[in-house]
Amino acid sequence: METDTKPTRTIDGREVPAVGTWTIDPTHTQAEFVARHLMVSKVRGGFATIDGSIVVAEDPSDSTVEIVIDASSVSSGTTDREAHLTSEDFFDVATYPEIRFVSSSVEPNGSDWRLLGDLTIKDVTKPITLDFSFLGIINDPWGNPKAVFSASTQVEREDWGLTWNVPLEGGGVLVSKTIKLEIEAQAALAG
């Protein structure tokens, strides 16, 4: 696929990245999750190993995104919790080493965008919708343009077989069923 020589263009008054394949920069991309613990406090975690690409089409709504996450790279700030998250109770990384998102469509959403696609965890694939923003193109100190994106959604973890929990004596459960997902991504235009 040919690429524009400009890193951005404007379509219908919206700034969008140049046409081409943008490779996700794994060292400057975060995929994180937020859960409630004891029904009140937030616990955050993320994944250190992320790969993927964004193929920007001439018509932005024809663009595609694919993200692959190494499930064993989960980090939560506590080694005991990380061991539990990689176990059969949660991600079962020995059997299901990857978490994958593949987009199916992109649509305008006000001044931002909506990215629809399939999220696969533990061989269970379910549709999700991410609200995302294209934050622009920033040149790194060596003059390389980086496209910057921010995306988020909420999912019900039990839809992917992540059902482990402990009931609380006063009502509720130890780990919330609703999880917020957040992705902050930088990508470089492939040569």
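Sequence order as written defines residue numbering, which begins from 1 separately in each chain. Confidence filtering applies because this is a predicted model: local features only for residues at pLDDT of at least 70, side-chain atom pairs given and counted only at 80 or more, and all residues used for totals across whole chains, interfaces and linings. Hydrogens and waters are ignored; side-chain quantities use all the structure's heavy atoms.

### Some remarks on the overall build of the protein chain
Defined as follows: Only runs of H or I of at least four residues qualify as helices and only runs of E of at least two qualify as strands under DSSP, and these elements are numbered from the N terminus. To get the radius of gyration, use the C-alpha atoms; to get the globule rule, take the number of residues to the power 0.38 and multiply by 2.2 Å. Classification of residues uses two cut-offs on accessible area relative to the type maximum, computed with a 1.4 Å probe and protein chains only: under 20% is buried, over 50% is exposed, and between them is partly exposed. The criterion used for residue contact is that any of the two residues' heavy atoms lie within 4.5 Å. The Shrake-Rupley method, run with a 1.4 Å probe sphere, supplies the accessible areas, and residue values consider only the shown protein chains as cover. Charge convention: Lys and Arg are scored as positive, Asp and Glu as negative, and His as well as the terminal groups of each chain are ignored. By convention, charge coordinates are those of NZ in Lys, CZ in Arg, CG in Asp, or CD in Glu.
Helix and strand content of the protein chain: one helix and 13 strands. For 191 residues, the compact-globule estimate of 2.2 N^0.38 gives 16 Å, and the protein chain sits close to it at 18 Å. Considered along the principal axes of its C-alpha atoms, the protein chain spans approximately 60 × 35 × 30 Å. Relative to its full complement of 191 residues, the protein chain shows a buried share of 40%. The contacts of the protein chain with a sequence gap of at least 6 include a subset with a gap of at least 24, amounting to 53%. For the protein chain, the computed accessible surface area is about 10300 Å², with 51% contributed by carbon and sulfur atoms. Within the protein chain, one finds 15 positive and 30 negative side-chain charges whose respective centroids are separated by 6 Å.

### Details of empty space enclosed by the protein
For the record, the criterion: In the cavity and pocket records, a cavity denotes points on a 1 Å grid over the protein atoms alone where a 1.4 Å probe fits but cannot get out, a pocket denotes an open set with protein on both sides within 12 Å along at least 5 of 7 lines, and lining residues are residues with an atom within 4 Å of a point. Grid points are joined across faces, edges and corners, and a volume is the space filled by probe spheres set on the points.
Summed over the entire model, instances satisfying the criterion amount to one cavity of 30 Å³ or more. Of the pockets and cavities examined, the largest cavity occupies roughly 310 Å³. Considering the residues around the largest cavity, the lining is formed by 21 residues, among which Ile54, Val65, Leu115, Phe132 and Phe149 are closest to the centre. Counting only elements with at least two residues in the lining of the largest cavity, the list comes to β2 (14–17), β6 (50–56), β7 (64–70), β10 (112–121), β11 (124–139), β12 (145–156) and β13 (178–189).

### Notes on the pattern of salt bridges
Defined as follows: When a carboxyl oxygen of Asp or Glu is within 4 Å of a side-chain nitrogen of Lys or Arg, the pair counts as a salt bridge.
As enumerated under the stated definition, the model contains seven salt bridges in all. The salt bridge partner of Glu98 is Arg100, with a shortest N-O separation of 2.9 Å. Taking relative accessible area as the criterion, Arg100 reaches 28% and is therefore assigned partly exposed. Taking the shortest distance from any N to any O, the salt bridge between Lys180 and Glu182 comes out at 3.5 Å. The exposure class assigned to Lys180 is partly exposed, which follows from its relative accessible area of 34%. Within this structure, Glu66, Glu98 and Arg100 form a network of salt bridges that share partners.

### Overview of unusual backbone geometry
In this model, Met39 sits at a positive phi of 75 degrees, which is unusual for a non-glycine residue. As for its position among the elements, Met39 is in the loop between β4 (30–37) and β5 (41–47). Assessed through its relative accessible area of 43%, Met39 is described here as partly exposed. The phi angle at Asp123 is positive, at roughly 65 degrees, despite the residue not being glycine. Note on placement: Asp123 falls in the loop between β10 and β11.

### Details of the layout of surface pockets
Under the convention used in this document: By the convention adopted, Pro, Cys, Tyr, Trp, Phe, Met, Ile, Leu, Val and Ala count as nonpolar, Lys, Arg, Asp and Glu as charged, and the other residues, Gly among them, as polar.
Approximately 650 Å³ is the volume attributed to the largest pocket. Contributing to the lining of the largest pocket are 35 residues, with Phe33, Leu85, Phe91, Ile179 and Leu181 lying nearest its centre. Top contributing element to the lining of the largest pocket by residue count: β4, with six residues. Across the lining of the largest pocket, the residue classes tally to 25 nonpolar, three polar and seven charged.

### Thoughts on the environment of Ser105
One can find Ser105 in strand β9 (residues 98–109). Discounting residues that sit within four places of it in the chain, Ser105 has contacts with Arg114, Leu115 and Leu116.

### As for the packing of aromatic side chains
Definition in use: Whether two aromatic rings pair depends on their centres lying within 6.5 Å, for rings of Phe, Tyr and Trp, where Trp uses its six-membered ring; planes under 30 degrees apart make the pair stacked, over 60 edge-to-face, and the rest tilted.
All chains considered together, the criterion is met by six aromatic pairs. Judged by centre distance (5.6 Å) and plane angle (55 degrees), the rings of Phe90 and Trp164 are tilted. Here Phe90, found in the loop between α1 (79–86) and β9, pairs with Trp164, found in the loop between β12 and β13; they are 74 residues apart in sequence, far enough to count as distant. Overall, Phe90 belongs to the buried group, its relative accessible area being 7%. Its relative accessible area of 25% is what places Trp164 among the partly exposed residues.

Distances and angles like these do not, on their own, reveal function.
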